[in-house]
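# Tertiary structure, described
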Amino acid sequence: MCKIVTDEEHEHIHSHTDDPLEIAEMLRETLAEELDSMSELAATWHMIDDETIQKKLMEAVRAKQKTISLLFEALQESEKKAWG
């Protein structure tokens, strides 16, 4: 088990796993965070009128789409291992 200490009040312990169900749960949480982040990024894009900045933000949105797609593929693979 690895122990990460940020300060005395906020101590976080994590462990490594190869259990497909635990991996799937971690991936679901990560996907949810990425989707929330994509929503915030899209909202920012919508509020900015500068076309140059909008183009850069759209590139970031497309990169997030690829990240989300890869995470979803990993989730499917983990669930396939868990459920057969």
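Refer to the structure printed above.
In this text the structure is predicted, and so the values were computed from the model without any measurement.

With that settled, consider the nonpolar core. Counting residues in hydrophobic clusters, the biggest one holds 10 residues: Ala-24, Leu-27, Leu-31, Met-38, Leu-41, Leu-57, Val-61, Ile-68, Leu-71 and Leu-75. Contributing elements (two or more residues each) for this core: α1 (20-47) and α2 (51-83).

Over its 28 residues, α1 runs 40 Å from end to end, which matches the ideal 40 Å to within 8%, given 1.5 Å per residue. Taken together, the buried positions of α1 are occupied by Ala-24, Leu-27, Leu-31, Met-38 and Leu-41. Those residues of α1 hidden inside the fold are in contact with α2.

The next point concerns the pattern of salt bridges. Between side chains of opposite charge, a pair can form as their charged atoms come close. Within the structure shown, the criterion is met by 4 salt bridges. For the salt bridge of Glu-79 with Arg-28, the shortest nitrogen-to-oxygen distance reads 2.6 Å. In this pair, Glu-79 is assigned in helix α2 and Arg-28 in helix α1, connecting sequence segments 51 residues apart. The class for Glu-79 is partly exposed, based on a relative accessible area of 26%. Taking relative accessible area as the criterion, Arg-28 reaches 33% and is therefore assigned partly exposed. A salt bridge links Lys-55 to Glu-51, with the shortest nitrogen-to-oxygen separation between them at 3.8 Å. Of this pair, Lys-55 and Glu-51 both sit in helix α2, 4 residues apart, roughly one helical turn.

What counts and how
Residues numbered from 1 in each chain as written. Predicted model: local features only at pLDDT ≥ 70, side-chain atom pairs only at ≥ 80, totals over all residues. Heavy atoms only, no water. Core = buried A, V, L, I, M, F, W, Y, C linked by side-chain atoms within 4.5 Å. Buried < 20%, exposed > 50% of the residue type's maximum accessible area, 1.4 Å probe, protein only. Helix = DSSP H or I, 4+ residues; strand = E, 2+ residues; numbered from the N terminus. Expected span 1.5 Å × (residues − 1). Contact = heavy atoms within 4.5 Å. Salt bridge = Lys/Arg side-chain N within 4 Å of Asp/Glu carboxyl O.

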